[in-house]
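Architecture at a glance
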There are 2 protein chains.
Amino acid sequence: MGDGAVRSVRADARRNIEKLVQSAADVFRERGLNAPLEAIAQRAGVSTGTIYHRFGSREALIDAVVPDYAEDQLDEAAAGAEACADPWDGFALYVERVCELQASNLALNDVISRNHPGTAKLAEVCRRSQEQARRIAERAQADGALRADFAVEDLLFVFWSNAMLIRFTAETAPDAWRRSLAFTLDGLRTGAAHELPTAALTPAQVEQVMAGRGRAAI
Amino acid sequence: MGDGAVRSVRADARRNIEKLVQSAADVFRERGLNAPLEAIAQRAGVSTGTIYHRFGSREALIDAVVPDYAEDQLDEAAAGAEACADPWDGFALYVERVCELQASNLALNDVISRNHPGTAKLAEVCRRSQEQARRIAERAQADGALRADFAVEDLLFVFWSNAMLIRFTAETAPDAWRRSLAFTLDGLRTGAAHELPTAALTPAQVEQVMAGRGRAAI
DNA sequence: GGTAAAGTTGAGGCTGACGTCAAGTTGAGA
DNA sequence: TCTCAACTTGACGTCAGCCTCAACTTTACC
């Protein structure tokens, strides 16, 4: 009795849903958003058919499991950055924190590098997060520390690179990305700037790139 | 008549081999070293069985088609760099030229980012090429232009990033990599340097990363 | 406790790739 | 021109993942 909203879901079914949500979170964290559903089902002690019955698709499962968590983590990173007194430190901290998220959670790695076709809620999380990033970057630019020709869209390059680096080195040299990121940040300071050869991606181009990516996982 | 080495290969067979070599070069260039062999066979007007009969494996086909070309192009890039009067300009030119190779030829993209398990000749080409890169980098470091804490192994980060960026943006924004590379190079100048958090990958780690990469194509 | 509705299962079909092999085709020397 | 070794073929078996559905099991309500 009680909440009518889920009255129609039987107790055993609800237990399975909860187990699936939990194991999906675990498996996505460990193996990324392209992990085989088989692995998730198995960890939940259930067959893959159940996943399809309960959620309908991988995308829906992702949307049920990942966005809230992702949003929390990204918000926290942004809040930490905005709390920094020094605008450059805030920007650097933000980028580093986001990269840390990528390293610690392959699901977030896929979220942050936009490696997730067709998941509505996640797309929204990314959009919001990009606005936070824009504020953080603009503050650092207004302060003169972040080079003026940097565009938020360029952050995508950073996060893509980081995503890939993490995938490659997670087992062998799990801190390698920090070195790469340090080089990158050094190139983003105003003092380091030399003329750029090309304009930043437009938001439309970013969309197009995402759309065209298809199966080409990082 | 003529070369006894291939006396035993029938004329039609030799024609097929030549057609396969040509179409493999084309397809690898357009689609990378993981292109379906089916595509290569089809363009040569032949069935995939023929590829296996003639070459035995994808790796052997790659080794027959790619290394010489790759070596030529990489040597040329290195020569251009060493001919530069200014050591930094030479270094920057080298990196840019290599990235251009990646952009113009997805086979080279895979070679340069070491995306090719089990191909002996290519591995040797990479090794040689890395020695050239080391010389070019060391000259720029001796001149004080390239930051002293940069290691040749770090170039791999650059080429990996570039490989991925090219795959993602080839159709939408084929020059995007130039912008990303410009940021990167700005971070490699001595003037931009801040302390790095981690040591460079050791050659052994590089090996390990390559070995562990397995199917995880860029 | 009986039963219908809800839930779960796992085999099976699909896809797109790889690599193999028995059978058919063809070139070149006699 | 004939013949057979050399060559090519394409159907086949495999693999790994996705998704579906008819048959089976369990729950919860009466």
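Predicted model, so just to flag it, every value in this text is computed and none were measured. (Residues numbered from 1 in each chain as written. Chains lettered and ligands numbered in written order. Predicted model: local features only at pLDDT ≥ 70, side-chain atom pairs only at ≥ 80, totals over all residues. Heavy atoms only, no water.)

Moving on to the UniProt feature "DNA-binding region" (unreviewed entry) in chain A. Under the local residue numbering, the UniProt record ascribes the feature "DNA-binding region" (unreviewed entry) to residues 36-55 of chain A. The span residues 36-55 of chain A is 80% helix and 0% strand, and its two end C-alpha atoms sit 15 Å from each other. (UniProt positions renumbered as here; feature names shortened; annotations may be inferred. Helix = DSSP H or I, 4+ residues; strand = E, 2+ residues; numbered from the N terminus.)

A few words on the protein's contact with DNA strand C. In the vicinity of DNA strand C there are 21 residues, among which Arg10(A), Asn16(A), Thr50(A), Tyr52(B) and Arg58(B) approach most closely. Sugar and phosphate atoms represent 72% of those atoms of DNA strand C found within 4 Å of the protein. Between Thr50(A) and DNA strand C, the recorded distance is 2.7 Å, taken from a side-chain N or O atom to a phosphate oxygen. Arg58(B) places a polar side-chain atom, nitrogen or oxygen, 2.2 Å from a phosphate oxygen of DNA strand C. Put simply, the parts of the chain that give the surface near DNA strand C at least two residues each are helix H1 (11-31) and helix H3 (48-55) of chain A together with helix H1 (11-31) of chain B. (Near = heavy atom within 4 Å. Polar contact = N/O pair within 3.5 Å; in protein donor to acceptor, adjacent residues only side chain to side chain.)

This next bit is on the protein's contact with DNA strand D. The full set close to DNA strand D counts 21 residues, and Tyr52(A), Arg58(A), Arg10(B), Asn16(B) and Thr50(B) are the nearest of them. For DNA strand D, the backbone makes up 69% of the atoms found within 4 Å of the protein, where backbone means sugar plus phosphate. Measuring from a phosphate oxygen of DNA strand D, one finds a side-chain N or O atom of Arg58(A) at 2.7 Å. Here a phosphate oxygen of DNA strand D sits 3.0 Å away from a polar atom, N or O, in the main chain of Ser47(B). Elements supplying a minimum of two residues to the surface near DNA strand D: H1 of chain A together with H1 and helix H3 (48-55) of chain B. The biggest single contributor to the surface near DNA strand D is H3(B), with 4 residues. A class-by-class count of the residues in the surface near DNA strand D yields 8 nonpolar, 7 polar and 6 charged. (Nonpolar A, V, L, I, M, F, W, Y, C, P; charged D, E, K, R; others polar.)

Let's shift gears to the packing of helix H6 (residues 87-104) of chain A against helix H10 (residues 176-186) of chain A. All names here are of chain A. Axis separation between H6 and H10 bottoms out at 11 Å; the angle between their running directions is 150°. Put simply, H6 runs roughly antiparallel to H10. Where H6 crosses over H10, the two elements pack in a sense that is right-handed. On the side of H6, the interface is formed by Trp 88, Phe 91, Ala 92, Val 95, Glu 96, Cys 99, Glu 100 and Ala 103, while H10 contributes Trp 177, Arg 178, Leu 181 and Leu 185. Taken together, the residues that form the contact of H6 with H10 break down as 9 nonpolar, no polar and 3 charged. (Axes fitted to C-alpha atoms, helices over the stretch in contact; angles between N-to-C directions. Parallel < 35°, antiparallel > 145°, perpendicular 65-115°, else oblique. Left-handed = near helix turned anticlockwise from the far one by under 90°. Contact = heavy atoms within 4.5 Å.)

Moving on to the nonpolar core. Among the nonpolar cores identified, the biggest contains 140 residues, and Phe91(A), Phe28(B) and Phe91(B) are the most heavily contacted of them. Among residues more than four places away in sequence, those in contact with Phe91(B) are Ile136(B), Ala137(B), Ala140(B), Leu146(B), Phe150(B), Leu155(B), Leu185(B) and Leu188(B). (Core = buried A, V, L, I, M, F, W, Y, C linked by side-chain atoms within 4.5 Å. Buried < 20%, exposed > 50% of the residue type's maximum accessible area, 1.4 Å probe, protein only.)

Before going further, it helps to spend a moment on the environment of Arg128(A). All names here are of chain A. Turning to its location among the elements, Arg 128 is positioned in helix H8 (residues 120-142). The class for Arg 128 is partly exposed, based on a relative accessible area of 32%. Put simply, Arg 128 and Leu 106 are 22 residues apart on the chain and 20 Å apart in space, counted from C-alpha to C-alpha.

Our next topic: the domain arrangement of chain A. All names here are of chain A. Here chain A is described as being made up of domain 1 (4-65) and domain 2 (67-213). Taking only C-alpha atoms into account, the centre of domain 1 sits 29 Å from that of domain 2. Listed as interface residues are 11 residues of domain 1 and, on the opposing side, 17 residues of domain 2. Buried area between domain 1 and domain 2, both sides added, is near 960 Å², and the carbon and sulfur share of it is 54%. Applying the counting criterion to the domain 1 and domain 2 interface returns 0 salt bridges. The interface formed by domain 1 and domain 2 holds 6 residue pairs in polar contact (both at pLDDT 80 or more) in total. Going through the elements one at a time, H1 and helix H4 (58-65) are the ones with two or more residues in the side of domain 1 that touches domain 2. (Domains from an automatic or database assignment. Buried area = accessible area lost by both parts, 1.4 Å probe. Salt bridge = Lys/Arg side-chain N within 4 Å of Asp/Glu carboxyl O.)

Moving on, we get to the UniProt feature "domain: HTH tetR-type" (unreviewed entry) in chain A. UniProt annotation of "domain: HTH tetR-type" (unreviewed entry) refers to residues 14-73 of chain A when read in the numbering used here. Spanning residues 14-73 of chain A, this segment combines 82% helix with 0% strand, and its end C-alpha atoms are found 27 Å apart.

Here helix H9 (residues 152-169) of chain A is 18 residues long and its end C-alpha atoms lie 26 Å apart, about the 26 Å a rise of 1.5 Å per residue gives. The element H9(A) is extensively covered by neighbouring structure, given that 17 of its 18 residues are classed as buried. (Expected span 1.5 Å × (residues − 1).)

Superposing chain A onto chain B takes a rotation of 180° plus a shift of 0.0 Å along the axis, which leaves an RMSD of 0.0 Å. Here the copies are linked by what is in effect a two-fold axis. Considering only C-alpha atoms, the residue of chain A closest to the rotation axis is Gly187(A), which sits at 1.7 Å. (Least-squares fit on C-alpha atoms with pLDDT ≥ 70 in both.)

The next thing to look at is the interface of chain A and chain B. Many authors give the size of an interface as the accessible area that is lost as the parts come together. With 40 residues of chain A at the interface, the matching set in chain B holds 40 residues. Taking both partners together, chain A and chain B bury about 3,400 Å²; carbon and sulfur atoms supply 71% of that area. When the buried area of chain A at its contact with chain B is split by residue, Phe168(A), Arg179(A) and Phe183(A) rank highest and sum to 23% of it. Inspection of the chain A/chain B interface yields 4 salt bridges. For Asp186(B), the salt bridge goes to Arg147(A), with nearest N and O atoms at 2.8 Å. Here chain A is connected to chain B by 13 residue pairs in polar contact (both at pLDDT 80 or more). Sorting the residues of the side of chain A that touches chain B by element identifies H9, H10 and helix H11 (203-213) of chain A as the ones contributing at least two each. Take the side of chain A that touches chain B: its biggest share by element is 8 residues, from H9(A). Considering only residue class, the side of chain A that touches chain B consists of 22 nonpolar, 9 polar and 9 charged.

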